[in-house]
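Now for the letters of each chain:
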Amino acid sequence: MAISRNEDNAAPAIDVVDFIDNQPVGGFQIRLLVTCAAVLFLDGFDTQAMGYVAPALAKEWGLSKAALGPVFSAGLFGLMIGALVFGPVADRVGRKKVIILSTLAFGIGALLTAAVQDMTMLLVIRFLTGLGLGGAMPNAIAMTSEFNPQRRRATMVMIMFCGFSVGAALGGMLAAGLIPYYGWRSVFIVGGVAPLIMVPILVFKLPESVRFLALHGNAPARVAELLGQINPTATFASGTHFVIQETHLAGLPVSHLFRERRTATTLLLWVVFFMSLLDLYFLSNWLPTVLNDLGASVSEAVVIGSMLQVGGVVGTFALGSLIDRFSFRALALVYFGAVFAIGAIGQLSHSAVLVTIAIFAAGFCIVGGQIAANALAAAFYPTSVKATGVGWALGIGRIGSIVGPVVGGVLLGQKWSAAAVFMAAAVAALCAALAAFALSRLADGNSGKGAVDQPTSFDAKLGPAAKAGT
């Protein structure tokens, strides 16, 4: 642990990052992980709900498949704006406030969705709901990253993010049970009430990021309390200063994503996120409808389609330690696997068992890969712009998530076969794989050593110059 003296040589100064890196993962971090995972569980449920209710909604309102594309994209456009705006806001006012506000917003939005009566209001409400959904995700990622030691950071972020995949998968199963008896609106009632119940829990139980507090230097007693919860045996002398070995980056947060040798990495991360989320939301939104067209009932299509998120959960747990060790080299291999799994969905659609396996494998690779990319992005950026970096990567990715459903609607509207549609989706996974491979080469080139010989997080691989003020 790095302990130094301040300028008057009286009180010690403790490096918060170094302190956390020297601690084991304990009960406090696990409780924080569960809390953030619960937020993303609700986020995943509400984000994917529209895809699961789409067949029933289209039937009730007499809509074509192509007409559903704008509905999907309205929510995703809100997600994009929410990620782009609330990442930088959180880097200024704190992670906790933005997570609470976002959870409240998407809870109210889901309840309003259950009450809409026409397409115009549905589009507006889904956009506004998306703002809340987009703000919660980057800050939950940043919060989890900042409380965990470097050697386990990617694993902990990925496990936390499983909450999103579990929520999305459970949403499908719940929708399959609710829609036949209570209609599609019941799914949004459940998706609205649960976040509103979660808000007071967050107010009283969610801490502010300890690295954020230390960097701003205005709450040393609270920092000491949080570090004491991480290591209950730790004691701190009166007047101890808690520091972060980073410069507080002033000015427009987004501009710092392109300084201190971050430009190439930022742009490649954006390519990975764009292509990965394009595929993820293409599959999430259109799988139930395509399967229904191929002969599965609405309930069967929803359950089979939910295997995408189930595979993502399994992939996340399986890939965590590999990502911590091999960084973007492992990520590139995962996305290469997604190319074959996604392409296989269209080729195996004649068999319910085989297409279920292919969807599971696609989820393992594309959902697991996206969650790994979230963790690696959080590891790269310094505290002052961490939520901004993750938020903008997700925001750029959301452009892909908007494009994916629209392209799917166009291709299906033009009567493309299932095989051709999913082969087109596999091309996006290939682009993500190539960008991840380029990132791995960049990381190895900047470190001057092989990935196995380097520290496990990507920010460490880029060397001291990559961290502002270090």
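Residues numbered from 1 in each chain as written. Predicted model: local features only at pLDDT ≥ 70, side-chain atom pairs only at ≥ 80, totals over all residues. Heavy atoms only, no water.

### A closer look at the overall build of the protein
Scanning the protein from N- to C-terminus turns up 17 helices and three strands. Scaling as 2.2 N^0.38, a compact globule of 470 residues should have a C-alpha radius of gyration of about 23 Å, and the protein matches this with 22 Å. Burial analysis of the protein (470 residues in total) assigns 61% to the buried set. Taking contacts inside the protein between residues at least 6 apart in sequence as the whole, the part at least 24 apart equals 82%. When the accessible surface of the protein is summed, it comes to about 16800 Å², and 68% of that surface belongs to carbon and sulfur atoms. (Helix = DSSP H or I, 4+ residues; strand = E, 2+ residues; numbered from the N terminus. Rg over C-alpha atoms; globule rule 2.2 N^0.38 Å. Buried < 20%, exposed > 50% of the residue type's maximum accessible area, 1.4 Å probe, protein only. Contact = heavy atoms within 4.5 Å. Areas by Shrake-Rupley, 256 points an atom, 1.4 Å probe, with all protein chains shown as cover.)

### Comments concerning the pattern of salt bridges
Scanning all chains against the criterion turns up five salt bridges. Among the ionic pairs, E60 bridges to R185, the shortest N-O distance being 3.9 Å. Within this pair, whereas E60 is found in helix α2 (residues 27–61), its partner R185 is found in helix α7 (residues 185–205), the two being separated by 125 residues in sequence. For E60, a relative accessible area of 48% puts it in the partly exposed group. Several salt bridges share partner residues, and in doing so they unite D91, R95 and E146 into one network. (Salt bridge = Lys/Arg side-chain N within 4 Å of Asp/Glu carboxyl O.)

### Section: helix α6 (residues 153–182)
With 30 residues, α6 extends 42 Å between its outermost C-alpha atoms, agreeing within 8% with the 44 Å of an ideal straight helix rising 1.5 Å per residue. In α6, a bend of some 30 degrees at A175 exceeds every other bend along the element. Of all 30 residues in α6, 21 are buried; the element is thus mostly enclosed. Positive phi shows up at G183, right after α6, with a value of about 85 degrees. (Expected span 1.5 Å × (residues − 1). Bend = angle between axes of the 7 residues up to and from the residue.)

### Some remarks on the packing of aromatic side chains
Here the structure, examined in full by the defined rule, presents 11 aromatic pairs. Relative to F164, the ring of F161 has its centre 5.6 Å away and its plane inclined at 25 degrees; by these criteria the two rings are stacked. Separated by three residues within a single helix, F161 and F164 lie in helix α6, roughly one turn from each other. By relative accessible area, which is 4% here, F161 ends up buried. Clustering of aromatic rings is evident, with ring pairs tying together F19, F236 and F242. (Phe/Tyr/Trp six-rings, centres within 6.5 Å; stacked < 30°, edge-to-face > 60°.)

### Considerations on the packing of helix α5 (residues 119–146) against α6
Across the interface, α5 lies against α6 with an axial gap of 9 Å and an inter-helix angle of 145 degrees. The interaxial crossing formed by α5 with α6 has right-handed handedness. Contacts between α5 and α6 involve M137, A140, I141, T144 and S145 on the former and, on the latter, R153, M156, V157, M160, F161 and F164. Across the contact of α5 with α6, the residue classes break down as eight nonpolar, two polar and one charged. (Axes fitted to C-alpha atoms, helices over the stretch in contact; angles between N-to-C directions. Left-handed = near helix turned anticlockwise from the far one by under 90°. Nonpolar A, V, L, I, M, F, W, Y, C, P; charged D, E, K, R; others polar.)

### Topic: the confidence of the model for the protein
Overall, the predicted model of the protein reaches an average pLDDT of 83, with 90% of residues at or above 70. The least confident element of the protein, judged by mean pLDDT, is helix α17 (residues 458–461) at 39; the most confident is α7 at 94. Within the model, pLDDT remains below 50 along residues 2–8, and this stretch shows 16 contacts once partners closer than five positions in the same chain are excluded. Predicted confidence for residues 448–470 stays below pLDDT 50, and this span has 61 contacts to residues more than four positions away or in other chains. (pLDDT = per-residue confidence, 0-100.)

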